[in-house]
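# Report on the structure
Chain residues, written in single-letter form:
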Amino acid sequence: MTSSIVILTGAGVSAESGISTFRDPDGIWSKVDYREVATPQGFAANPARVHAFYNWRRQNVRSVEPNAAHVALARMEREFRGEFLLVTQNVDSLHERAGSQKLIHMHGQHDRALCAGCGSRNEWHDEMSMRSRCPACQRVGHMRPDVVWFGETPYEMDRIQAALGQCDLFISIGTSGNVYPAAGFVRIARAEGARTVELNLVPSEGAVHFDEADHGPATRVVPAFVEKLLA
Ligand code: APR
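Here the structure is a predicted model, which is why all the values come from computation and not from measurement.

By the element assignment, Arg57 lies in helix α4 (residues 47–62). Judged by its relative accessible area of 8%, Arg57 falls in the buried class. Expressed as a C-alpha distance, the spacing of Arg57 and Ile19, which sit 38 residues apart in the sequence, is 8.9 Å. Sequence-distant contacts of Arg57, defined by excluding residues within four places in its chain, comprise Ile19, Phe22, Ile28, Val91 and His110.

What follows is the structure in structure tokens.
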């Protein structure tokens, strides 16, 4: 009897909503060098280029909708009678818009801003630039997207580790298993005796660590898995 579930999602869960993944053949990192737009060094070297990248991403997410996989995960949270935590690597807000609440954005969110001057984090839906003013300290020139870049520490790792340590079911959805610490979560859960399941278009880099897998588009394999689990 499953009593505690941790789910990890990646870009693949949003792919069928029309948001590009990172490492698929036509993915974001095949078009943009991640070192220029997703590292502190890239931001220091050319903040305008980084702001343009996230303004573009914020803009093109505005017109997309949650898909059946996001909806199925929100249903699982509502109907599953046990501990539940959804950890996403995604910076879009499609999980929230589908109704997920027990949710951690470990890589931050692109519709939030972080002030490097005072440390405050605020919702941000407009264009952002070095001329943007911090709503808290009112200073200009310190605003950056509240997104965790390569080399930075993901958010809420203590809470995530604690949940992994006591879950009996770990499900990884739509992630290539390339980026740590997220790619290591399956091994932590497995070491604690959890059943591990991968729902992904194709076997990920970490496929060997999963007890079970269902490979196919998230809008098919996720609702099917949720239906079976809740039955
Ligand atoms: N349904 C299910 N899985 C899919 C679909 C789909 N429709 N389309 C693609 N996938 C799978 C791909 O097979 C791949 O394994 O989703 C995965 C996407 O992998 P990545 O593009 O590497 O994205 P992700 O794993 O989320 O990247 C992790 O890397 O660049 C950083 O911070 C960024 O959060 C991101 C992190």
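Structure shown, so let's carry the discussion forward.
Inspection of the region around the ligand gives 23 residues, with Ala11, Phe22, Arg23, Thr175 and Ser176 positioned closest. Phe22 places a main-chain nitrogen or oxygen 2.7 Å from an oxygen atom of the ligand. The contact in question runs from a nitrogen atom of the ligand to an N or O atom on the backbone of Ala218, over 2.9 Å. Burial of the ligand by the surrounding chains reaches 93%, relative to a free accessible area of 730 Å². Grouping the constituent residues of the shell around the ligand by class yields 10 nonpolar, 10 polar and 3 charged.

Before going further, it helps to spend a moment on the sheet that holds strand β4 (residues 108–115). Backbone hydrogen bonds are what pair the strands of a sheet, in a parallel or an antiparallel way. Here 3 strands make up an open sheet; going across it, the order is β5-β4-β6 and the pairing antiparallel. The open sheet is flanked by β5 (121–123) and β6 (143–147), the only strands paired with a single partner. The average angle at which neighbouring strand axes cross in this sheet is 45 degrees, direction not considered. Across 4 bridges, the pairing between β4 and β6 is antiparallel. Among the inter-strand pairings, Gly108 is bridged to a residue of β6, identified as Val147. Most of the contacts of α4 go to β6, to which it runs at about 55 degrees, and overall it touches β4 and β6.

This paragraph deals with the packing of aromatic side chains. A complete count under the given rule lists 10 aromatic pairs for this structure. Geometrically, the ring pair formed by Phe53 and Tyr54 is edge-to-face, given 5.0 Å between the ring centres and 80 degrees between the ring planes. Of the two residues, Phe53 and Tyr54, neither departs from the other in class, the shared state being buried. Here the aromatic residues Phe22, Trp29, Tyr34, Phe43, Phe53, Tyr54, Trp56, Trp149 and Phe150 are joined through ring pairs into a cluster of three or more. Taking the ring centre of Tyr155 as reference, the NZ or CZ of Arg121 above it sits at 3.9 Å. Lying across the ring of Trp149, Arg144 places its NZ or CZ 3.7 Å from the centre.

Under the defined criterion, the tally for this structure stands at 11 salt bridges. Salt-bridge contacts for Asp146 lead to Arg112; the nearest nitrogen and oxygen are separated by 3.6 Å. Here the residue Asp146 occupies a position in strand β6, and Arg112 occupies one in strand β4, the gap between them amounting to 34 residues. Note that Arg144 and Glu152 form a salt bridge whose closest N and O atoms lie 2.9 Å from each other. The class for Arg144 is buried, based on a relative accessible area of 10%. The class for Glu152 is partly exposed, based on a relative accessible area of 25%. The network of salt bridges with common partners includes Arg75, Glu79 and Glu227.

Counting 21 residues, the largest nonpolar core has Ile5, Ile7, Met76, Ile171, Ile173, Leu199 and Val222 as its most contacted members. Put simply, the parts of the chain that give this core at least two residues each are β1 (4–9), α5 (68–79), β2 (83–88), β7 (169–173), β8 (195–200) and α9 (218–230). With 5 residues, α9 is the largest single contributor of residues to this core. Apart from residues no more than four positions distant in its own chain, Ile5 is found in contact with Met76, Phe80, Glu83, Phe84, Leu85, Cys167, Leu169, Ile171 and Leu229. Ranked by size, the runner-up nonpolar core spans 18 residues in total, among them Met106, Ile160, Ala163 and Phe170.

Within the secondary structure, Asn90 sits in the loop between β2 and α6 (94–98). In contact with Asn90, not counting residues within four places along its chain, are Thr9, Gly10, Ala11, Val13, Ser14, His105 and Gly108.

The rules behind these values
Residues numbered from 1 in each chain as written. Predicted model: local features only at pLDDT ≥ 70, side-chain atom pairs only at ≥ 80, totals over all residues. Heavy atoms only, no water. Helix = DSSP H or I, 4+ residues; strand = E, 2+ residues; numbered from the N terminus. Buried < 20%, exposed > 50% of the residue type's maximum accessible area, 1.4 Å probe, protein only. Contact = heavy atoms within 4.5 Å. Near = heavy atom within 4 Å. Polar contact = N/O pair within 3.5 Å; in protein donor to acceptor, adjacent residues only side chain to side chain. Areas by Shrake-Rupley, 256 points an atom, 1.4 Å probe, with all protein chains shown as cover. Nonpolar A, V, L, I, M, F, W, Y, C, P; charged D, E, K, R; others polar. Pairing = 2+ DSSP bridges. Axes fitted to C-alpha atoms, helices over the stretch in contact; angles between N-to-C directions. Phe/Tyr/Trp six-rings, centres within 6.5 Å; stacked < 30°, edge-to-face > 60°. Lys NZ or Arg CZ within 6 Å of the ring centre and 35° of its normal. Salt bridge = Lys/Arg side-chain N within 4 Å of Asp/Glu carboxyl O. Core = buried A, V, L, I, M, F, W, Y, C linked by side-chain atoms within 4.5 Å.

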